[in-house]
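Summary of the model geometry
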Amino acid sequence: AQSVTQLGSHVSVSEGALVLLRCNYSSSVPPYLFWYVQYPNQGLQLLLKYTSAATLVKGINGFEAEFKKSETSFHLTKPSAHMSDAAEYFCAGNAGGTSYGKLTFGQGTILTVHP
Amino acid sequence: DAGVTQSPTHLIKTRGQQVTLRCSPKSGHDTVSWYQQALGQGPQFIFQYYEEEERQRGNFPDRFSGHQFPNYSSELNVNALLLGDSALYLCASSPWDRGKYEQYFGPGTRLTVT
């Protein structure tokens with residue numbers, strides 16, 4: 001069974017600093033991986049996705065993530081944090097095959113951005 | 001083009017009652033998945049519907065059931081509510097053949113069981 005682990009339930013950065021949110025996955029098959037953002041009292045918005053086309057994936061709002069098979073990682077980065085980036089971020093995976101469309105989520109990382 | 005919509009937004013029920021939540025998928029999508037997000041947790045997959053049939057199910061008891069209608073909209077029913085059922089219930093839709101690549105989420109229904 002696939003699992004997704006997010007390292008760090010809370011990350012705090014200063015405005016303008018680098019954002020790095022960590023995600024590791026375990027799967028017996030090449031996965032499809034996603035990062036979602038959730039603002040308070042809202043649903044999930046897709047930031048970016050990896051579907052095996054390219055290992056460096058660019059998403060919305062200046063975020064990007066790199067798929068590293070050797071490290072089973074899919075960390076999310078943004079060069080310069082903005083106050084509006086404060087939210088909760090979820091890494092999710094879909095093993096494909098018989099798990100068609102079933103997403104497995106990490107526990108989430110709350111990002112705080114200080115002025 | 002409307003995205004995924006869910007109703008109601010908030011709901012308060014008493015332990016032992018039954019509840020029905022509703023979801024309308026994004027235009028052009030024929031597959032609906034339901035997730036439960038407890039406070040401070042990531043969403044957990046409940047089940048998925050396509051062609052009016054349950055196609056996949058997560059580790060949830062039979063108290064959780066669903067239905068999909070011919071217009072692709074879906075309902076989630078929970079019987080004999082427990083305090084632990086309090087959560088944000090999220091609906092996601094996708095085209096069946098692209099479900100592993102993309103799922104669009106609705107705003108959720110916040111269920112509180114007292």
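Here we summarise the structure given alongside this text. Not measured: the values here are computed from a predicted model. Numbering of residues starts from 1 in each chain and follows the order in which that chain's sequence is written. Working convention: letters from A go to chains and numbers from 1 go to ligands, in the order in which they are written. The predicted origin of the model limits local features to residues at a pLDDT of at least 70 and limits the giving and counting of side-chain atom pairs to 80 or more, whereas totals for whole chains, interfaces and linings rest on all residues. Calculated side-chain values reflect all of the structure's heavy atoms, with hydrogen atoms and water omitted.

1. Topic: the interface of chain A and chain B
Every contact between the two is made by 21 residues of chain A and, on the other side, 24 residues of chain B. When two components associate, each loses some accessible surface as probed by a 1.4 Å sphere; the sum of these losses over both components is called the buried area. Buried surface at the junction of chain A and chain B, summed over both partners, amounts to about 1900 Å²; 50% is from carbon and sulfur atoms. The term salt bridge refers to a side-chain nitrogen of Lys or Arg lying within 4 Å of a carboxyl oxygen of Asp or Glu. Summed over the shared surface of chain A and chain B, the number is 1 salt bridge. In this structure, K49(A) and E102(B) form a salt bridge, with 3.5 Å as the shortest nitrogen-oxygen distance. Whenever a nitrogen or oxygen atom comes within 3.5 Å of another N or O atom, the pair is scored as a polar contact, on the condition that within protein one atom can donate a hydrogen and the other can accept it, and that pairs from neighbouring residues in sequence are kept only if both atoms are in side chains. Remark: the boundary between chain A and chain B carries 5 residue pairs in polar contact (both at pLDDT 80 or more). No other element matches strand 4 (residues 32-38) of chain A, which puts 4 residues into the side of chain A that touches chain B. For the side of chain A that touches chain B, the residue count by class is 8 nonpolar, 11 polar and 2 charged. Any pair of residues with heavy atoms lying within 4.5 Å of one another is described as a contacting pair. Helix and strand assignments come from DSSP, with helices taken as H or I runs of at least 4 residues and strands as E runs of at least 2, each series counted from the N terminus. Note on residue classes: Ala, Val, Leu, Ile, Met, Phe, Trp, Tyr, Cys and Pro are nonpolar, Asp, Glu, Lys and Arg are charged, and everything else, Gly too, is polar.

2. Let's talk about the state of the cysteines
Residue and element names in this part refer to chain A. By definition, disulfides here are pairs of cysteine sulfur atoms that lie within 2.5 Å. In the structure shown here, the tally under the stated rule is 2 disulfides over all chains. Residue pairing for C23: its cysteine sulfur links by disulfide to C91, the two sulfurs lying 2.0 Å apart. Looking along the S-S bond of the C23-C91 disulfide, the torsion reads about -65°, which is the left-handed sense. In this pair, C23 is assigned in strand 3 (residues 19-26) and C91 in strand 9 (residues 87-94), connecting sequence segments 68 residues apart.

3. Quick notes on the pairing of strand 1 (residues 3-7) of chain A
Residues and elements named next belong to chain A. When accessible area is computed with a 1.4 Å probe and restricted to protein chains, residues below 20% of their type maximum are described as buried, those above 50% as exposed, and intermediate ones as partly exposed. Residue alternation in strand 1 divides its side chains into a buried set, V4 and Q6, and an unburied set, S3, T5 and L7. Strand pairing is assigned whenever DSSP detects at least two bridges linking the two strands. Two elements, strand 1 and strand 3, share 5 bridges in a ladder whose sense is antiparallel. In the strand pairing of strand 3, S3 is matched with S26.

4. Points about the sheet that holds strand 6 (residues 56-58) of chain A
Residue and element names in this part refer to chain A. The antiparallel open sheet is built from 5 strands, whose spatial order is 1-3-8-7-6. At either margin of the open sheet sits one strand with a lone partner, and together these are strand 1 and strand 6. Adjacent strand axes in the sheet meet at a mean angle of 20°, parallel and antiparallel pairs treated alike. Judged from the 4 bridges that link them, strand 3 and strand 8 (residues 73-78) form a sheet pairing that is antiparallel. Each residue of the ladder has a partner; that of L21, found in strand 8, is L76. All axes are obtained by fitting lines to C-alpha atoms, using only the stretch in contact for helices, and the reported angles, taken between N-to-C directions, cover 0 to 180 degrees.

5. Focus: the sheet that holds strand 3 (residues 19-24) of chain B
Residues and elements named next belong to chain B. If you trace the 4 strands from one edge of the open sheet to the other, you get 1-3-8-7, paired in antiparallel fashion. Both edges of this open sheet fall to strand 1 (5-7) and strand 7 (64-68), since each of them pairs with a single strand only. Mean inter-strand twist for the sheet, computed between neighbouring axes without regard to direction, equals 20°. With 5 bridges connecting them, strand 3 and strand 8 (residues 74-78) associate as antiparallel partners. Each residue of the ladder has a partner; that of R22, found in strand 8, is E75.

6. Here we look at the pattern of salt bridges
All names here are of chain B. The full count for this structure, using the stated rule, is 7 salt bridges over all chains. A salt bridge links R63 to D85, with the nearest nitrogen and oxygen atoms 2.9 Å apart. On the criterion of sequence distance, the pair formed by R63 in the loop between strand 6 (53-57) and strand 7 and D85 in the loop between strand 8 and strand 9 (87-94) is long-range, its members being 22 residues apart. For the pair shown, R63 and D85 are each scored as buried.

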